[in-house]
Structures are given as C-alpha cells and as structure tokens.
Amino acid sequence: MKLLVRHQTVYRYAASAGRVAMRLKLMPVDTPMQTVEDWQVSVNGDPLTGFRSNSYGEMEAVWIRHDRLDDAVIVAEGLVETRETHGIVGHLSSRVPPAYYLRDTPLTRASEGIAALASDLPEEGGPLNRLHALSGAVRDAVAYRAGVTSAETSAAQAFAIGAGVCQDHAQIFIAAARSLGVPARYVSGYLLAGDGDLLHETHGWAEAFLPDLGWIGFDPSNRVCVTDRYLRLASGLDADDAAPIRGSVTVAGDISIDADVRIAVAQDGVEERQLQRQQQQTRP
C-alpha cells in the first residue's frame, strides 16, 4: 500500500535559545519492505538537504542554529509504498555487522528476570519460532499502560514494573534476544493503526537477526511481525540511539515539545486530500 505521512515536532523555548544542535533521523530509506517515492524534511519552513548515509545504512542530518531562537518546527512528510513480507526485512546494506547488536546499553541490559524469561522459552521449532514465542511472552509479562514509564526507563525497570508502552516492550524483547545470543535492535517509525484507532506519535518495535533470513521485525506491543502497515524510519542499539530527533540546546528556561503524526493510505486522492486538511489544521 502507499502511505502518506506528515510528522511535525515543535520545540518552544521559554527564553530564546542561544544555540540549538539537532541530529535528525527523519529520512526513511528503501528496504525490501518499502520504497520511498517522495519525502522531504524542513525546519522552520526551510528544506533540510544535508542528509548523509550513516554506518547503519540509514540517513541522518545535523541542524545547527547559533542565533536567538524562540521555536523550532520540524516537519517530515512524504509518500512511501510498503509491501507485505511477513516481517522479513532481510539483509540490509550496512557497515555494521549483525554481531554489533549483541552489545548491551543501559536501556537494554537484561535483568535476571528478563534472562529467565528468555531461557524458559521452548526450543521446539527452531530459532524463528522461539523469537515469536519471545514476542508473545514479553507482551504477556508487561501490560500496555501509558504514563508509568518514560523515555529514560530501562528494559529492566519496565519489566520489574510489569507495564509500559511500545518502547518498553521493544527494549525488553531486545534485551531478552541478546541474552540468547541473537542480535537485536530498536526501530523507530510509523504505524497505520487499525480502523477507529488514531496514533499521533511515532511507533517503536524491534528487529532480530537470523543468518538465513536476515533481519525480522517484531512488534511485541501488538503481538505481530511487522506488516505493510509499518513504515521503517531508523534503527539503533536502543530507543535513544534510534530516536528520530536528538539534540542539545543552550537556553535558560523551560522547553516544551509538541509532536504530531498523521498517516493515511493514498488511494485515488481521497485520503490525500483528507490528510492535507488534517495537516493544515495542525500547522502552528
């Protein structure tokens, strides 16, 4: 299917910022699951053209302002054709070997409980079946509940709480998979939700590597492998590494962040016009 996306993030500074530096991973790339037909990123209305391929084989850019700044409006939007591959992303171009993704981070270090969850999984059916079982076990152990965790919550902490959101489910899956010797990484992107569901934020899931198949996408929050309703944006060792926007700012005072994602299926221009109306309503 063809997905139309508009992702807007607004940073507002209570006192004018003196210097702002942001690393942006907001440019999707072609994979066996998706083809980027049109995509652009702008900051305060100016197109951002400095995207370069990083070691993960993905695109990123750095945006810096040294003068006074009251707000920064970042918009990523475009059209991507997605395909159903039953979760198999395959062997993507990268300068980083799969074994790199066995590396722990503070956000993905396995606790004794996570390691025990992984070791108790059935081995029948081979490694792929075990990863499917892991995805379900993570969701069984950790209820989906917003507001109980934050971006700084580690996999071990969320597992101990027994509740969290997509970031927590993905990072627990990653920690467990690595404890089994399976390379795993975090993926940020977009999800076209089911009928009647509205998601106005980015989504997070996990990918695990098996030599015969390559990378395979698992979304423990929704108990599925990724489908053509998912649009892959960036990956990393954990949610922080794969974050679409990271930055630093020199400012006295509070910073507010308002993010909004609009996604629809492009079909005969109907959804496109609807999305455009939604986009106009969300412009600052």
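Quantities reported herein were computed from a predicted structural model and do not represent experimental measurements.

A. Main features of the pairing of strand S6 (residues 59–65). Looking at chain direction, strand S2 (residues 19–27) and S6 are connected through six bridges and run antiparallel. Each residue of the ladder has a partner; that of Ala21, found in S6, is Ile64. Inspection of the sheet shows strand S5 (residues 52–53) paired to S6 by two bridges, in the antiparallel sense. By the bridge assignment for S6, Arg52 is matched with Glu60. A loop of five residues connects S5 with S6, the two strands running antiparallel in sequence, and Gly57 in this loop sits at a positive phi of about 80 degrees.

B. The arrangement of the sheet that holds S6 in detail. Across the sheet, which stays open at both edges, the four strands sit in the order S5-S6-S2-S16 with antiparallel pairing between neighbours. Only two strands of the sheet have a single neighbouring strand rather than two, namely S5 and strand S16 (245–250). For S2 and S16, the ladder comprises six bridges, and the chain directions are antiparallel. Looking at S16, one finds that Met22 is bridged to Gly247.

C. Quick look at the layout of surface pockets. Its boundaries defined by the atoms lining it, the largest pocket holds a volume of some 1,000 Å³. Taken together, 37 residues form the lining of the largest pocket, with Ala151, Gln167, Thr202, Ala243 and Pro244 sitting closest to its centre.

D. Structural context of the nonpolar core. Counting residues in each nonpolar core, the largest one holds 30 residues, and the members touching the most others are Ile114, Leu131, Leu134, Ile172, Phe173, Ala177 and Phe218. Of all the secondary structure elements, the ones that give two or more residues to this core are helix H1 (112–119), helix H2 (126–141), helix H3 (155–161), helix H4 (166–179), strand S11 (184–191), strand S12 (203–210) and strand S13 (214–219). Here this core gets seven residues from one element, more than from any other, and that element is H4. The residues contacting Ile172, other than those within four sequence positions of it, are Ile114, Val138, Val142, Ala155, Ala158 and Phe159.

E. Region of interest: empty space enclosed by the protein. Under the defined criterion, the tally for this structure stands at two cavities of 30 Å³ or more. One number sums up the size of the largest cavity: a volume of about 60 Å³. For the lining of the largest cavity, the secondary structure elements donating two or more residues are S12 and strand S15 (230–236).

F. Summary view of unusual backbone geometry. In this model, His86 sits at a positive phi of 60 degrees, which is unusual for a non-glycine residue. As for its placement among the helices and strands, His86 is situated in the loop between strand S7 (69–82) and strand S8 (88–90). For His86, a relative accessible area of 63% translates into the label exposed.

G. Region of interest: H2. With 16 residues, H2 ought to run about 22 Å at 1.5 Å a step, and its terminal C-alpha atoms sit 22 Å apart, in line with that. Among the residues making up H2, those that are buried are Arg130, Leu131, Leu134, Ser135, Gly136, Ala137, Val138 and Arg139. Those residues of H2 that are buried are in contact with H1, strand S9 (143–144), H4, S12 and S13.

H. Fine view of the packing of aromatic side chains. Scanning the model with the defined rule gives eight aromatic pairs in all. Measuring from ring centre to ring centre gives 5.2 Å for Tyr100 and Tyr101, while their planes differ by 85 degrees; the resulting arrangement is edge-to-face. Since its relative accessible area comes to 22%, Tyr100 is described here as partly exposed. Taking the relative accessible area as the measure of exposure, Tyr101 reaches 0% and is therefore buried. These aromatic residues form a ring-pair network of at least three members: Tyr56, Tyr100, Tyr101, Phe209 and Trp215. It is Arg185 that lies over the ring of Tyr101; its NZ or CZ is 5.2 Å from the centre. Just above the ring of Trp215 sits the side chain of Arg185; from NZ or CZ to the centre is 3.7 Å.

Parameters at a glance
- The written sequence of each chain sets the order in which its residues are numbered from 1.
- This being a predicted model, a pLDDT of at least 70 is required before a residue's local features are given, and a value of 80 or more before pairs of side-chain atoms are given or counted; all residues contribute to the totals for chains, interfaces and linings.
- Each side-chain value is worked out from all heavy atoms of the structure, with water and hydrogens disregarded.
- Between any two strands, pairing holds if DSSP finds at least two bridges.
- By the criteria applied, helices consist of DSSP H or I runs no shorter than four residues and strands consist of E runs no shorter than two, each listed in order from the N terminus.
- Grid points spaced at 1 Å over the protein atoms alone were grouped into cavities, where a 1.4 Å probe fits but cannot get out, and pockets, open sets with protein on both sides within 12 Å along at least five of seven lines, with lining residues defined by an atom within 4 Å of a point.
- Grid points are joined across faces, edges and corners, and a volume is the space filled by probe spheres set on the points.
- Residues belong to one nonpolar core when they are buried, are Ala, Val, Leu, Ile, Met, Phe, Trp, Tyr or Cys, and are joined through side-chain atoms within 4.5 Å.
- Burial classes follow relative accessibility: with a 1.4 Å probe on protein chains only, a residue under 20% of its type's maximum area counts as buried, one over 50% as exposed, and anything between as partly exposed.
- Residue contacts follow a heavy-atom distance rule, with two residues in contact if any of their heavy atoms lie within 4.5 Å.
- Every helix has an expected span of 1.5 Å times one less than the residues it contains.
- Aromatic rings from Phe, Tyr and Trp, taking only the six-membered ring of Trp, are treated as a pair when their centres fall within 6.5 Å; an angle between ring planes under 30 degrees marks them as stacked, one over 60 as edge-to-face, and anything in between as tilted.
- Two thresholds decide whether a charge sits over a ring: the Lys NZ or Arg CZ must be within 6 Å of the ring centre and within 35 degrees of the ring normal.

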